[in-house]
Amino acid sequence: MSEMVTIFGGSGFVGRYIARRMAKAGWRVRVAVRNPNEAMFVRPYGTVGQVEAVFCNVRDDASVAAVLSGADAVVNCVGVLDESGKNTFEAVQAEAPGRIARLAKEKGIIRMVHISAIGADACAESEYSQTKAAGEAAVQDHLPSAVILRPSIIFGQEDEFFNRFAGMSRFGPVLPVVGADMKFQPVFVDDVAAAAEQAVLGTVDAGIYELGGPEVDTFRGLMHRMLEMIRRRRLVLNIPFFVARIMAFGFSVANFLTLGLLPRAITADQIKNLALDNVVEEGAKTFDDFGIQPKTMGSVLPDYLWRFRPSGQYDAIKESAKNLRDT
C-alpha cells in the first residue's frame, strides 16, 4: 500500500498545491480541514479514494491525533493573517504546530514539513511574527528532523495579494498601500509546493529554508508591475504609518460594532509587518538547496490577472484591432 501524508490546511492556498503534488507522486493524501464539505474540490487531484478531506480542529489533541493515524508524513499549512474568535495567533500559529509535532512523534512519524513565513522572529513587534517563531521552535523541539519553509509573499491564481490589489484598482484613480518602500521577494505557490514535496520525500536536510522568487521589488514597484499587466493607470499612494494605524483602529471598532460582519481591511499587527522588508536573508538555506529554479512573476501573473483588465479576455483583441486601424 502507498504511503500516506496528512496535510493540515490542505485545501488552503498553499496546501492544495502540495496535496496535488503528493497525489501525483503516488501518495495517499489526507486533507485535514475545518470544513470538509468545502474542500471536496481536492478529491479529483488523485484517483478514486486517493485524496480525502476530513474534519480536524488543530486546537484539539484528540482531533489532531485522529487524522495522524496511519500517516507516514505530515505537512502543516495552517496559519492566519487576522485573528478571529478562538483562532488567535497564539492558538493557530504557536500552539497548533507544537501539538501536531508532538502527536506526530508519539505516533512514530518523523517526516514533518511546517510552512512558516519570512520574518518569523521571537523578538519581533508583530504578534504574527512572534507566534510564527514560537511555532517553529515548538516543531523543532518535538521533531528535530522537521523541515521548516519560510516563504515571502506568495503569488498564484488564488492569491490574496495581487488579486486583492488588482480588484481594488477597478474602483478609482488611486491605489492606496501601506509601506510602499518596503521590499518583497514574491514566490510562486507551486514552487513552494515543490519544495514541500521534496521535504516530505526526504531529499533535503532538516532545518529552516527561506523561499523567495528571483525578483526583489518594493511594494510600490510590485503595484506598478501589476497595473501594467492589467492595463490600468492608477496613482499608487503611500499611506503613512501613523495614518494607517488610525485607520486600523477605525476598522477594528467597526468590526467589533458589527459583530464581525464588517471585515478589517488592515490591522495594527499587519502594519507592524509592513514596516519591515520581506526578503530572504543572506546566508539562509534557499531554493538552491532543493535544486529548484523559482518562476518569475512575469511568467505567471498574466495567466490570471488578465480578468482585471478593462475588457478582460477581450483586451488583447481590442489592442490588435486598434493597431490595424492605426495602420
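Heads up: the structure comes first, above all this text.
Given the structure is predicted, the values throughout are model-derived calculations rather than measurements.

> Tell me about the pattern of salt bridges, and name the residues and values.
This structure, assessed with the given rule, holds 15 salt bridges. Close ionic contact of glutamate 136 with arginine 150 constitutes a salt bridge, the shortest N to O distance being 2.7 Å. Within this pair, whereas glutamate 136 is found in helix α4 (residues 127–142), its partner arginine 150 is found in strand β6 (residues 147–151), the two being separated by 14 residues in sequence. Taking the relative accessible area as the measure of exposure, arginine 150 reaches 13% and is therefore buried. The structure contains a network of salt bridges with shared partners spanning Asp61, Arg99, Arg102 and Glu106.

> Which residues make up the nonpolar core, and what values go with them?
In terms of nonpolar packing, the biggest core is built from 72 residues, with Ile18, Val29, Leu149, Phe162, Met223, Met226 and Leu305 touching the most fellow members. Broken down by element, this core gets its largest block of residues, eight residues, from helix α6 (residues 189–201). Setting aside anything within four residues of it in sequence, one finds leucine 305 in contact with Phe162, Asn163, Ala166, Met226 and Ile230. Counting 27 residues, the second-largest nonpolar core is a separate cluster that includes Cys56, Val67, Val78 and Val139.

> Go over the pairing of strand β2 (residues 28–33), please, and point to the residues and values.
Counting buried residues in β2 gives five out of six residues, a clear majority hidden from the surface. Bridge analysis of strand β1 (residues 4–8) against β2 gives five bridges, and the strand direction is parallel. Within β2, the position partnered with isoleucine 7 by the bridge is valine 31. By the bridge criterion, five bridges tie β2 to strand β3 (residues 51–55) in an arrangement that is parallel. Of the residues in β3, the one forming a bridge with valine 29 is valine 51.

> I'd like a description of the packing of aromatic side chains, backed by residues and values.
A ring pair, where both rings are aromatic, is described by two values, the distance of the centres and the angle of the planes. Here the structure, examined in full by the defined rule, presents eleven aromatic pairs. Judged by centre distance (6.2 Å) and plane angle (40°), the ring pair of phenylalanine 161 and phenylalanine 184 falls under tilted. Placement of the pair is phenylalanine 161 in the loop between β7 (154–155) and α5 (162–168) and phenylalanine 184 in strand β9 (residues 183–184), with a sequence separation of 23 residues. Residue phenylalanine 161 is classed as buried on the basis of its relative accessible area of 10%. With a centroid separation of 4.8 Å and 55° between ring planes, the pair formed by tyrosine 209 and phenylalanine 290 is classed as tilted. Of the two residues, tyrosine 209 is situated in strand β11 (residues 207–211) and phenylalanine 290 in the loop between α9 (268–274) and α10 (302–305); the sequence distance between them amounts to 81 residues. Here the two residues tyrosine 209 and phenylalanine 290 agree in accessibility, since each one is buried. An aromatic cluster is present here, built from Phe155, Phe161, Phe162, Phe165, Phe184, Phe188 and Phe219 joined pairwise through their rings. Just above the ring of tyrosine 17 sits the side chain of arginine 20; from NZ or CZ to the centre is 5.2 Å.

Criteria and thresholds
- Residues numbered from 1 in each chain as written.
- Predicted model: local features only at pLDDT ≥ 70, side-chain atom pairs only at ≥ 80, totals over all residues.
- Heavy atoms only, no water.
- Salt bridge = Lys/Arg side-chain N within 4 Å of Asp/Glu carboxyl O.
- Helix = DSSP H or I, 4+ residues; strand = E, 2+ residues; numbered from the N terminus.
- Buried < 20%, exposed > 50% of the residue type's maximum accessible area, 1.4 Å probe, protein only.
- Core = buried A, V, L, I, M, F, W, Y, C linked by side-chain atoms within 4.5 Å.
- Contact = heavy atoms within 4.5 Å.
- Pairing = 2+ DSSP bridges.
- Phe/Tyr/Trp six-rings, centres within 6.5 Å; stacked < 30°, edge-to-face > 60°.
- Lys NZ or Arg CZ within 6 Å of the ring centre and 35° of its normal.

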